[in-house]
Amino acid sequence: MQRRSLLRAAGAASLLSATPFVRAQGSLQKFKFNLGWKVEASGAGFLLALQRGYYKDAGLDVTIDTGNGSAAAIGLVASGAYEAASADLSTMIEFNLANPQAALKAVAMQYDLNPNAVIVRKDGPIKKPADLAGKTILGQPFNASRKLFPVFAKAQGFDPSGVKWENVAPDIGDTRFVKGDFDAVAYFFFTGLLNLKARGVTADQLTVFRFSDHGMKSYGNGLVANAKSMEQADTMKAFVKASTRGWLDCIADPKAGGAAVKTREPLANETLEFERLKLIVDGTMNTPDTRANGWGAATPARLQATIDETVAAFGLKSAPTLSDFWTDKFLPAMADRQLKA
């Protein structure tokens with residue numbers, strides 16, 4: 001009897017160590033996360049972490065909701081409606097400078113390489129980035145690729161002011177681009193390529209000018225959190241660690257990520273989302289920096305470049321310091337964020 005009591009006590013101690021929130025508070029710690037966009041491969045790592053129980057294992061009851069772009073997601077995090085969201089860091093920097101009381105910060109990097117891009121037809125008149133001068137491009141005012149376009153243009157040595165921007169809903173705009181109404185479209189490259197593929201235009205018919213291939217050093221999306229949620233340090237660390245685990249699984253096995261999207265959204269095209277996830281992994285995550293520093297990490301040089309390029313692109317009158325918009329204190333240990341062999 002005494003031995004069995006000791007074994008039960010040891011087991012309870014082990015469980016307490018593994019799931020502190022469950023045992024300390026008697027229930028899972030609630031945490032609301034906004035994907036920043038609809039259910040698709042860009043959220044696969046979070047969805048896989050949820051479906052495989054990684055958040056629950058960490059003592060969290062995580063709710064994952066869809067979003068309507070980075071600007072909207074950032075506003076929801078700032079309001080306290082969500083603890084965190086996936087959002088474009090340049091948009092967050094702009095928001096923080098206009099709303100300093102919000103004090104939002106990125107707690108992990110999602111896209112090590114910036115996915116913003118301009119896409120053109122190979123059989124069209126645009127053969128190099130400078131040929132975009134004076135052309136017509138599809139891109140809404142809130143579109144990060146449009147907002148960052150001046151940095152891209154400056155790096156390529158042409159004046160962006162002569163570009164005519166068409167503010168048309170993406171689904172209608174994509175169809176009109178295929179018909180030849182616009183010279184180019186501005187998008188995350190993995191969104192644009194697959195949107196156009198669905199309309200009969202394949203990747204071999206297109207040229208993609210990725211900003212990260214043409215002088216831009218900014219990070220893309222990160223996990224953006226508000227001050228109140230960051231005060232709950234153990235909770236935030238648990239969320240970032242479980243999310244990292246989900247994304248490492250997706251990078252190692254994109255088919256599992258595509259299946260996770262399909263499980264959450266039965267109407268999703270699993271084959272398409274697997275293809276999108278491969279583009280995301282190969283084009284933004286499986287990079288030299290991520291292999292060296294682990295998923296979610298950032299370097300001071302790239303952080304400063306993100307600030308400088310944002311200030312230049314948005315015409316901001318001031319600039320934040322690195323510590324104003326980024327913290328690494330919630331990242332898991334290096335061994336827990338390294339890409340799998």
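Residues numbered from 1 in each chain as written. Predicted model: local features only at pLDDT ≥ 70, side-chain atom pairs only at ≥ 80, totals over all residues. Heavy atoms only, no water.

Draft legend 1. Up close: the pattern of salt bridges. Applying the stated rule across the entire model yields 15 salt bridges. For Glu166, the salt bridge is made with Lys164, and the minimal N-O distance between the two is 3.6 Å. Exposure remark for Glu166: the relative accessible area of 17% places this residue in the buried category. Classification of Lys164 by relative accessible area gives partly exposed; the value is 48%. (Salt bridge = Lys/Arg side-chain N within 4 Å of Asp/Glu carboxyl O. Buried < 20%, exposed > 50% of the residue type's maximum accessible area, 1.4 Å probe, protein only.)

Draft legend 2. The packing of helix 5 (residues 70–79) against helix 6 (residues 89–98), seen in detail. One can describe the packing of helix 5 onto helix 6 by two numbers: an axis separation of 9 Å at closest approach and a directional angle of 50 degrees. One element, helix 5, and the other, helix 6, form an angle in the oblique class. Relative to helix 6, the crossing made by helix 5 is right-handed. From helix 5, Ser70, Ala71, Ile74 and Ala78 reach across to helix 6, where they touch Thr91, Met92 and Phe95. Residues of the contact of helix 5 with helix 6, tallied by class, amount to five nonpolar, two polar and no charged. (Axes fitted to C-alpha atoms, helices over the stretch in contact; angles between N-to-C directions. Helix = DSSP H or I, 4+ residues; strand = E, 2+ residues; numbered from the N terminus. Parallel < 35°, antiparallel > 145°, perpendicular 65-115°, else oblique. Left-handed = near helix turned anticlockwise from the far one by under 90°. Contact = heavy atoms within 4.5 Å. Nonpolar A, V, L, I, M, F, W, Y, C, P; charged D, E, K, R; others polar.)

Draft legend 3. Just the environment of Gly296, in detail. Relative to the elements of secondary structure, Gly296 occurs in the loop between helix 15 (288–293) and helix 16 (300–314). Separated by 41 residues in sequence, Gly296 and Arg337 have C-alpha atoms that sit 7.4 Å apart. Gly296 has contacts with Ala108, Met109, Trp326 and Leu331, leaving out every residue within four places of it along the chain.

Draft legend 4. Structural view of the sheet that holds strand 1 (residues 29–34). Ordered in space as 2-1-3-10-4, the five strands form an open sheet in which the pairing is mixed. The open sheet is flanked by strand 2 (60–65) and strand 4 (105–109), the only strands paired with a single partner. Averaged over all pairs of adjacent strands, the angle between strand axes in this sheet comes to 30 degrees, irrespective of strand direction. In this structure, strand 4 lies alongside strand 10 (residues 221–225), joined through four bridges in antiparallel fashion. Residue pairing for strand 10: Met109 is matched across the bridge by Gly222. The sheet contacts of helix 6 involve strand 3 (84–88), strand 4 and strand 10, and relative to strand 3 the element is tilted by about 105 degrees. Taken strand by strand, helix 12 (residues 233–252) contacts strand 1, strand 2, strand 4 and strand 10, and its axis lies near 55 degrees from that of strand 1. (Pairing = 2+ DSSP bridges.)

Draft legend 5. Seen up close, the nonpolar core. If you look at the biggest cluster of nonpolar residues, it comprises 100 residues, and the most contacted ones within it are Phe33, Tyr55, Leu132, Phe149 and Phe239. Residues within four places of Leu132 in sequence aside, it is in contact with Val118, Val120, Ile126, Ile137, Phe149, Phe152, Phe158, Val163, Ala184 and Phe209. (Core = buried A, V, L, I, M, F, W, Y, C linked by side-chain atoms within 4.5 Å.)

Draft legend 6. Geometry of unusual backbone geometry. Residues other than glycine seldom take positive phi values, yet Ala103 does so here, at roughly 50 degrees. Structurally, the position occupied by Ala103 is in the loop between helix 6 and strand 4.

Draft legend 7. Here's a closer look at the side chain of Ser70. Structurally, the position occupied by Ser70 is in helix 5. When near neighbours in sequence (up to four residues on either side) are disregarded, Ser70 contacts Gly36, Ala87, Asp88, Thr91 and Asn221.

Draft legend 8. Focus on the pairing of strand 2. Of the two faces of strand 2, the one lined by Leu60, Val62 and Ile64 is fully buried and the one lined by Asp61, Thr63 and Asp65 carries no buried residue. Relative to strand 2, strand 1 runs parallel, the two sharing six bridges. Residue pairing across strands places Asn34 opposite Asp65, the latter belonging to strand 2.

Draft legend 9. Region of interest: the packing of aromatic side chains. Tallied over the full model, the rule gives 15 aromatic pairs. Ring centres of Tyr111 and Phe190 lie 5.8 Å apart, and the angle between their planes is 65 degrees; on these two criteria the pair is classed as edge-to-face. Of the two residues, Tyr111 sits in the loop between strand 4 and strand 5 (116–121) while Phe190 sits in helix 10 (residues 189–197), which places them 79 residues apart along the sequence. A residue is classified by how much of its surface remains accessible, and Tyr111, at 1% relative accessible area, is buried. Here Phe149 and Phe158 contribute two aromatic rings whose centre-to-centre distance is 5.9 Å and whose plane-to-plane angle is 65 degrees, an arrangement assigned as edge-to-face. The class for Phe158 is buried, based on a relative accessible area of 10%. Through a chain of ring-to-ring contacts, three or more aromatic side chains come together here, namely Phe31, Phe33, Phe46, Tyr55, Phe239, Trp247 and Trp295. If you follow Arg210 out to its NZ or CZ, it ends over the ring of Phe189, 4.1 Å from the centre. (Phe/Tyr/Trp six-rings, centres within 6.5 Å; stacked < 30°, edge-to-face > 60°. Lys NZ or Arg CZ within 6 Å of the ring centre and 35° of its normal.)

Draft legend 10. Molecular detail of the sheet that holds strand 8 (residues 184–188). Pairing is mixed across the open sheet formed by five strands, whose spatial order is 7-6-8-5-9. What marks the edges here is a single partner per strand, and that holds for strand 7 (164–166) and strand 9 (206–210). If you compare each strand with its neighbour and ignore which way they point, the axes differ by 30 degrees on average. Bridging between strand 5 and strand 9 involves five bridges; their strand directions are antiparallel. Opposite Ala117, over in strand 9, you have Arg210 as the bridge partner. Docked against the sheet, helix 9 (residues 170–179) engages strand 5, strand 6 (136–138), strand 8 and strand 9, running at close to 140 degrees with respect to strand 8.

Draft legend 11. Expanded view of helix 3 (residues 44–51). Here helix 3 lies mainly inside the structure; six of its eight residues are buried. Three or more residues of helix 3 are buried, namely Ala44, Gly45, Phe46, Leu47, Leu48 and Ala49. Remark: Gly53 follows helix 3 within two positions and exhibits a positive phi of approximately 80 degrees.

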